[in-house]
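# A closer look at the structure
Each chain, written out:
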Amino acid sequence: MSKTKTIYICQNCGYKSPKWLGKCPDCGSWNSLVEEIISDSHISSTIDLSLDKKILPQELASLETESEDRIKTGIKELDRVLGGGLVRSSTILLAGEPGIGKSTLLLQMLFALSKTLGNVLYISGEESVSQIKLRAIRLGKIPKGLWVVSENQLEIIEAIIKKLSPSIIAIDSIQTMSVKDLNSAPGSISQVRESSSRLIKIAKDLNIPVIMVGHVTKGGEIAGPRVLEHMVDVVLYFEGERYHAFRILRGIKNRFGATFEIGVFEMSDTGLKEVGNPSEILMGAREDNVSGSVILPIVQGTRPILVEIQALVSPSHLTMPRRTTTGFDVNRLAMLLAVAERHLRIVFYDADVFINVVGGIKIQGTEADLAVISALISSLKDVPIKKDTAIFGEVGLTGEIRALSKTQLRIDEASRIGIKRIILPYASSKGLKAPPNTELVFIRHIKELRRVI
Ligand code: TYD
Ligand code: MG
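A few points on the structure. (Residues numbered from 1 in each chain as written. Chains lettered and ligands numbered in written order. Predicted model: local features only at pLDDT ≥ 70, side-chain atom pairs only at ≥ 80, totals over all residues. Heavy atoms only, no water.)

### Remarks on the environment of Leu333
Within the secondary structure, Leu333 sits in helix α8 (residues 330-344). In the structure, Leu333 is positioned 17 residues away from Ser316 in sequence and 17 Å away in space, judged by C-alpha atoms. Residue contacts for Leu333: discarding those within four places in its chain leaves Arg323, Thr325, Phe328, Val353, Ile355, Val372 and Leu376. (Helix = DSSP H or I, 4+ residues; strand = E, 2+ residues; numbered from the N terminus. Contact = heavy atoms within 4.5 Å.)

### Some details on the pairing of strand β10 (residues 210-215)
The element β10 is largely enclosed, with a buried count of 5 among its 6 residues. As paired strands, strand β6 (residues 91-96) and β10 are joined by 6 bridges and run parallel to one another. Across the sheet, residue Gly96 finds its bridge partner in β10, namely His215. Judged from the 3 bridges that link them, strand β9 (residues 169-172) and β10 form a sheet pairing that is parallel. Residue pairing across strands places Ala170 opposite Ile211, the latter belonging to β10. Chirality of the crossover, the property in question, places the unit of β9, helix α5 (residues 189-206) and β10 among those that are right-handed. (Buried < 20%, exposed > 50% of the residue type's maximum accessible area, 1.4 Å probe, protein only. Pairing = 2+ DSSP bridges. Right-handed = clockwise from strand over helix to strand, strands pointing away.)

### So, the sheet that holds strand β13 (residues 262-268)
Reading across from one edge, β8-β7-β9-β10-β6-β11-β12-β13-β14 is the order of the 9 strands in this open sheet, with mixed pairing throughout. Only two strands of the sheet have a single partner each, and these edge strands are β8 (146-150) and β14 (271-274). Across the sheet, the axes of successive neighbouring strands diverge by a mean angle of 25 degrees, strand direction being ignored. Sheet strands touched by helix α2 (residues 102-117): β6, β7 (120-124), β8, β9, β10, β11 (234-239), β12 (246-254), β13 and β14. Its angle to β7, the strand with the most contacts, is close to 160 degrees. Against the sheet, helix α4 (residues 154-164) contacts β7, β8 and β9, and its axis sits at roughly 165 degrees relative to β7. (Axes fitted to C-alpha atoms, helices over the stretch in contact; angles between N-to-C directions.)

### Topic: the site of ligand 1
Around ligand 1, the surrounding shell holds 15 residues, and the nearest of these are Gly99, Ser103, Thr104, Ser268 and Gly271. Here an oxygen atom of ligand 1 sits 2.5 Å away from a polar atom, N or O, in the side chain of Thr104. Isolated, ligand 1 exposes 550 Å² of accessible area, and the fraction of that covered by the protein chains is 76%. Looking at the shell around ligand 1, the elements with two or more residues in it are α2, α3 (129-138) and β13. When residues of the shell around ligand 1 are assigned to their parent elements, the largest contribution, 3 residues, is made by α2. Considering only residue class, the shell around ligand 1 consists of 3 nonpolar, 7 polar and 5 charged. (Near = heavy atom within 4 Å. Polar contact = N/O pair within 3.5 Å; in protein donor to acceptor, adjacent residues only side chain to side chain. Areas by Shrake-Rupley, 256 points an atom, 1.4 Å probe, with all protein chains shown as cover. Nonpolar A, V, L, I, M, F, W, Y, C, P; charged D, E, K, R; others polar.)

Geometric descriptors of this kind do not, in isolation, establish any biological role.
Structure representation (structure tokens):
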């Protein structure tokens, strides 16, 4: 193995320094020096291309393709997000906040895979083997062929992998791994980058999947270099509100499948349970005839889910009334409040406003606009919206209602769960099939809400 050294390079002008400096002496920018690795091995020009066929360029058109060979994890919700299973020699980054259930998900996956693949290896840099065992006991009968090691030095890990030759490796977490030649602490940019590039090489060399856990910072970014996301093949985020049972696994990047698919899990006292029918569970917990609650069909990837949007509008004694949201963008709420004030002649400036998406689901984009406004009106006037009514649509600044994608999917899911009346954008009325016993109410402007809810 070649010896590695580090150097600090200004990301602005390229100035090099052997030590870290707060200010670049060359271009004067602050905090722009980043640690980078230089390796003293150099490309030898004496390579004989004729010896190794593999390194020659090949004509794409005449390449033989291998039939797609995916390893099913046995956890349906996970396979869905992966695009049908794990691809051999791929690297997967599983990111999420502490305590969300990353280690648990990995262990459960290895439980299932050890039955079909034989030896699988779980490497933890965070927990001792006895702690891992305690967790594993909660998850059920421990299968044979699941090997664990508590280690964070990459050279040792490489040796272990060589000896065991497992058919899949899970690293928990990449931020705790370190390479001996580098002096910086585990979790630093150069350690994370070097450790992950070595693990990626292992995946390619042994033709097995390697899964790495990545911690995220408070801001929701993966700690360590952004480059980690570029290096791996698949990036999955495991998210949810900590005190809600639902955990959502979301594909952010996938070289082998669609992104934006989600998997839904529920944390129980015997590990993560798959939730194949989130709509039923979310609707089952709903109270009847309360004001401020609206059913909204959202679509995540190819999957429609019915969620409940709750609003609470209450008189405020603050000079700056509160606007608080869970699972919904607070800036989007501010915009919707302004649109409602202007076009519906109702006021919120003297009220605290709270929005909650039930079940720990996060809503992105504009699909909840009309439902949020309806919930706000319902709470403000203290008039419940019927429990068999669902509402969806995007709202523009002039109060107009715009179409959303995948309208039919939303309607069908709502009808399946027993919704009898759906309020939706007029703009998407063409070519829709109304399911039996379901009334579709098309509206063009939020002014029409008064008449229909
Ligand atoms: P963990 O997988 O350790 O999270 P992460 O690796 O993302 O930090 O699990 C987090 C929480 O889940 C922890 O607070 C304990 C809880 N838990 C259960 O509720 N049931 C279980 O069966 C297990 C294993 C954990
Ligand atoms: Mg963990």
